[in-house]
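In case you want the letters, here they are:
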Amino acid sequence: MLPLANAPVPEAAAVEASPRRKRKLGFFFILSLAWVALVIFLAVFASVLPIPDPNAQKAAINLNPSLHHLLGTDSLGRDMFARVVYAGRVSLTVGFASIAIGLLIGGAMGVIAGFYRGRIDRVLMAIADVMLAFPALVFALAIVTFLGQNLRNVTIAIAVISIPGIARIVRASTLTFAQRDFVLAARTLGASNRRIILREILPNVAIPIGAFSFIAVALAIVGEGGLAFLGLSVHAPTATWGGMINDGRSFLEDHPALSLIPSAVLFLTVLALNFAGDALRARFDTKDVSV
Amino acid sequence: MTDQPLLVVEDLVTHFRTNRGTVRAVDGVSFTLERGETLGIVGESGSGKTVLSRSIMGLLPPKNVVSEGRVLFEGRDLSSLDAKQMRAVWGAEIGMVFQDPMTSLNPVMKIGNQVTEGLRVHLGMEKERAIETAVALLRSVGIPEPERRMKQFPFELSGGMRQRVTIAIAIACGPKLLIADEPTTALDVTVQSQILNLLQDKQRERHMAMILVTHDLGVVAGRTDDIAVMYAGKIVEKAPTRELFTQMRMPYTEALIHSIPKTDQPSHTRLPAIGGRPPDLVNPPAGCNFSPRCPYARDNCHHEEPPLMSDDTVTADHAFACWYPVGVPVRG
């Protein structure tokens, strides 16, 4: 008889002996989150904070930064800081809301296609391919032209554009998890398909997709900026980053700050979201960890 | 009701249609398992053991599969059940333990939730009672500090611990049959015997029937009532465990037993291996599947396939598929 056979389970000690190896998220991650948090904070509380009316044309035009006007004023005498902050409202709302809608619809399509495979997969992916093949700008133009130029319709346009990409990524992620033994194990315990999707697949898919959605939000914000630059986002005088860049375009030679400031804020926000998303993706990339 | 066997597998066939042709993964397997009995299914990689256990469970993909034969569980034909009825059987009446505890637990769900899930779904337990039961279950499978483990994630447990958890999950709802598919293959040798002992204890304690699928004859020796040896999708010998080891008739069984390392041999003794490769299940050899590798093969072995039969040199429970069984003088 092996002495081991009845010995008190020795592997218990191993659990304590191997502490969880944490990969550092790093300085840039913190910095990125701080920037995004700052932009969100200002956008949410803009009306409560002592920030001037972004559409009031009270001051002289094209002032340089001062204590009164932190970032100066624009060509109509409006406070640039206030406009940048209020523009953040539009950009962030469109960015987050459109991706939330995209995740809901595209995510559902992707999980269902990846889990059930077969005909339903082919139909859903054919729909996604058709959507991908349709020129995004033309589509956004059509929506905004026919449904009206407001925050809701811009959000819908970008949401619809984001759906096929999200659906494809979620499907790919679902495919890898649907093959795993724990899904089969859940089935042998009598779990229904719905239960398997909700309890076994979704929580696993959510981790990489959550990290990816940061990057998707960044892309959506760039998309909104592009539409605004073309004058297709919300109506003037409501400030948007893209719209401000466009407004400052005629004064580039004398007052480059009018375009550069919103560009810089847009750039930093998108960069921060990308950084954060990348760091999270690397952190939760479980391919090399056998969990 | 009680006098009929727990599980009857009749002429079970599972073929996969592939681009290369039909893969005969399980090719006419029959056996009977009584309540509380254990059956070991032994075979090389690719002999169809895993497909057999999944076929019994009804876990095969719906496409490109040819399934024939019957699986009677307590007299009910499992293949005639719809998805909902099948879910009531899975977990509650038949439990399954998988090979790799690293992948058979959900990495993002706490151990506690994974153990209580079945209790709540099948037995309709309240949350508190399910947690109490789960703690007791984890303790009974030898997990120290079960309350703390309940709140941990699978990656915080070692391989042996995780396999204990999967066993706890599989037996949680008191199944009458437990299918363990290579339950120790992914584990350290030192942990293997602990897990096997645990399975055996639980099986006896709960009077479950158990099918232990393995490629390692050493795993089933002394732990099962009967052993079925599979080769190329067929059972080639089936006997009570003790008799199989002492009076094997099929040359393949003999070769398998000879290839178990023995500690009493001097060091550097060459371990006999079985020459050749397992047959291609798309184009199985003519005659006896083992004939190309069999040291005793004669002419008719290459043309005629031997049926699974018994003779007067062995007990009635012992059957083998060989024209020239080991240890029996050649007749005629």
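Reading guide: rules and limits
Residues numbered from 1 in each chain as written. Chains lettered and ligands numbered in written order. Predicted model: local features only at pLDDT ≥ 70, side-chain atom pairs only at ≥ 80, totals over all residues. Helix = DSSP H or I, 4+ residues; strand = E, 2+ residues; numbered from the N terminus. Rg over C-alpha atoms; globule rule 2.2 N^0.38 Å. Buried ≥ 20, exposed ≤ 12 C-beta atoms within 10 Å, placed from the backbone. Contact = placed C-beta atoms within 7 Å. Pairing = 2+ DSSP bridges. Axes fitted to C-alpha atoms, helices over the stretch in contact; angles between N-to-C directions. Nonpolar A, V, L, I, M, F, W, Y, C, P; charged D, E, K, R; others polar. pLDDT = per-residue confidence, 0-100. Core = buried A, V, L, I, M, F, W, Y, C linked by C-beta atoms within 7 Å. Expected span 1.5 Å × (residues − 1). Left-handed = near helix turned anticlockwise from the far one by under 90°. Parallel < 35°, antiparallel > 145°, perpendicular 65-115°, else oblique.

Caption draft 1: Just the overall build of chain B, in detail. If you tally the helices and strands in chain B, you get 10 helices and 11 strands. For chain B, the C-alpha radius of gyration of 21 Å lies close to 20 Å, the compact-globule estimate for 332 residues. Along the first, second and third principal axes, the C-alpha set of chain B runs to 70 × 50 × 45 Å. Across the 332 residues of chain B, 46% fall into the buried class. Once local pairs closer than 6 in sequence are excluded, the contacts in chain B between residues at least 24 apart make up 64%.

Caption draft 2: Summary view of the overall build of chain A. Assigned secondary structure in chain A consists of 10 helices and 0 strands. Listed N to C, the secondary structure of chain A is α-α-α-α-α-α-α-α-α-α in terms of helices and strands. Considering only contacts in chain A between residues 6 or more positions apart, those separated by 24 or more positions represent 68%.

Caption draft 3: Summary view of the sheet that holds strand E1 (residues 7-18) of chain B. All names here are of chain B. The 4 strands lie next to each other as E2-E1-E4-E5, forming an open sheet whose pairing is antiparallel. Edge positions in the sheet fall to strand E2 (21-33) and strand E5 (76-77), since each has one partner strand and no second. The pairing of E1 with strand E4 (residues 65-73) spans 8 bridges and is antiparallel. Bridging from a neighbouring strand, histidine 15 pairs with valine 66 of E4. Set on the sheet, helix H1 (residues 49-57) makes contact with E1, E2 and E4; between it and E2 the angle comes to about 65°.

Caption draft 4: Structural context of the environment of lysine 234 of chain B. Among the secondary structure elements, lysine 234 of chain B is positioned in strand E10 (residues 234-240). Excluding anything up to four places from it in sequence, lysine 234 of chain B contacts Asp27, Gly28, Val29 and Asn289 of chain B.

Caption draft 5: Region of the structure containing the sheet that holds strand E11 (residues 319-320) of chain B. All names here are of chain B. Strands sit in the order E6-E7-E8-E3-E9-E10-E11 across an open sheet of 7 strands; the sheet is mixed. With partners counted over all chains shown, the strands left at the sheet margins are strand E6 (94-97) and E11, one partner each. Bridge count between E6 and strand E7 (residues 177-181): 4 bridges; the pairing is parallel. The partner of glycine 95 across the bridge, within E7, is leucine 178.

Caption draft 6: Representation of the pairing of E4 of chain B in the model. Residue and element names in this part refer to chain B. As paired strands, E4 and E5 are joined by 2 bridges and run antiparallel to one another. Across the sheet, phenylalanine 73 pairs through a bridge with arginine 76, a residue of E5. Between the antiparallel neighbours E4 and E5 lie 2 residues, among them glutamate 74 with a positive phi of about 50°.

Caption draft 7: Molecular detail of the interface of chain A and chain B. With 25 residues of chain A at the interface, the matching set in chain B holds 37 residues. Residue assignment for the side of chain A that touches chain B shows that the elements contributing at least two residues are helix H1 (12-17), helix H7 (181-188) and helix H8 (193-229) of chain A. Per-element accounting of the side of chain A that touches chain B gives the leading share, 6 residues, to H7 of chain A. Tallied by class, the residues present in the side of chain A that touches chain B amount to 14 nonpolar, 6 polar and 5 charged.

Caption draft 8: Seen up close, the confidence of the model for chain A. Residue and element names in this part refer to chain A. Within chain A, residue pLDDT values average 82, and 87% of them lie at 70 or more. Here residues 1-21 is a poorly scored stretch, pLDDT under 50, and it has 18 contacts once near neighbours within four places are set aside; other chains count. Throughout residues 287-291 the model reports pLDDT below 50, and contacts reaching past four residues in sequence, or to other chains, amount to 5 contacts.

Caption draft 9: Representation of the environment of alanine 37 of chain A within the structure. Residues and elements named next belong to chain A. As for its position among the elements, alanine 37 is in helix H2 (residues 27-45). The exposure class assigned to alanine 37 is exposed, which follows from the 11 C-beta atoms found within 10 Å. Taking the C-alpha atoms as reference points, alanine 37 and serine 192, 155 residues apart in sequence, are found 40 Å from one another.

Caption draft 10: The arrangement of the nonpolar core in detail. Core analysis: the biggest nonpolar cluster contains 162 residues, and Val115, Ala168, Leu178, Ile179, Val229 and Val236 of chain B have the highest contact counts within it. Those residues in contact with isoleucine 179 of chain B that lie beyond four places of it in its chain are Ser53, Ile56, Met57, Ile94, Met96 and Ile211 of chain B.

Caption draft 11: Spotlight on helix H6 (residues 159-171) of chain B. Residues and elements named next belong to chain B. Between its terminal C-alpha atoms H6 stretches 18 Å, which fits the 18 Å expected from 13 residues at 1.5 Å a residue. Burial runs high along H6: 12 of the 13 residues are buried. The complete set of buried residues in H6 reads Gly160, Met161, Arg162, Gln163, Arg164, Val165, Thr166, Ile167, Ala168, Ile169, Ala170 and Ile171.

Caption draft 12: Helix H7 (residues 189-206) of chain B, seen in detail. All names here are of chain B. In this model, H7 (18 residues) spans 26 Å end to end at C-alpha, consistent with the 26 Å of a helix rising 1.5 Å per residue. Looking only at H7, the buried set comprises Val191, Gln192, Gln194, Ile195, Leu196, Leu198, Leu199 and Gln203. Lining the buried residues of H7 we find strand E3 (38-42), H6, E7, strand E8 (209-214) and helix H8 (217-220). Immediately downstream of H7, the backbone of histidine 207 shows phi near 50°, a positive value.

Caption draft 13: Structural detail: unusual backbone geometry. All names here are of chain B. Although it is not a glycine, histidine 207 adopts a positive phi angle of roughly 50°. Topologically, histidine 207 is positioned in the loop between H7 and E8. Looking at histidine 207, the number of C-beta atoms within 10 Å reads 10, which means it is exposed. Of note in the backbone geometry, histidine 268 takes a positive phi value of approximately 70° without being a glycine.

Caption draft 14: Expanded view of the packing of helix H3 (residues 80-116) of chain A against helix H4 (residues 118-133) of chain A. Residues and elements named next belong to chain A. At a minimum axis separation of 7 Å, H3 and H4 run at an interaxial angle of 145°. H4 is crossed by H3, and the crossing has left-handed handedness. From H3, Met109, Ile112, Ala113 and Tyr116 reach across to H4, where they touch Gly118, Ile120, Asp121, Leu124, Met125 and Ala128. Here the residues of the contact of H3 with H4 sort into 8 nonpolar, 1 polar and 1 charged.

Caption draft 15: Representation of the packing of H8 of chain A against helix H10 (residues 257-284) of chain A within the structure. Residues and elements named next belong to chain A. It is the contact of H8 with H10, at a shortest axis distance of 8 Å, that shows an interaxial angle of 165°. With respect to H10, the axis of H8 lies roughly antiparallel. Crossing hand, H8 versus H10: left-handed. Counting all contacts with H8, which are made through Ile207, Pro208, Ala211, Phe212, Phe214, Ile215, Val217, Ala218, Ile221, Val222 and Gly225, the residues of H10 involved are Leu266, Thr269, Val270, Leu273, Asn274, Ala276, Gly277, Leu280, Arg281 and Phe284. Across the contact of H8 with H10, the residue classes break down as 16 nonpolar, 4 polar and 1 charged.

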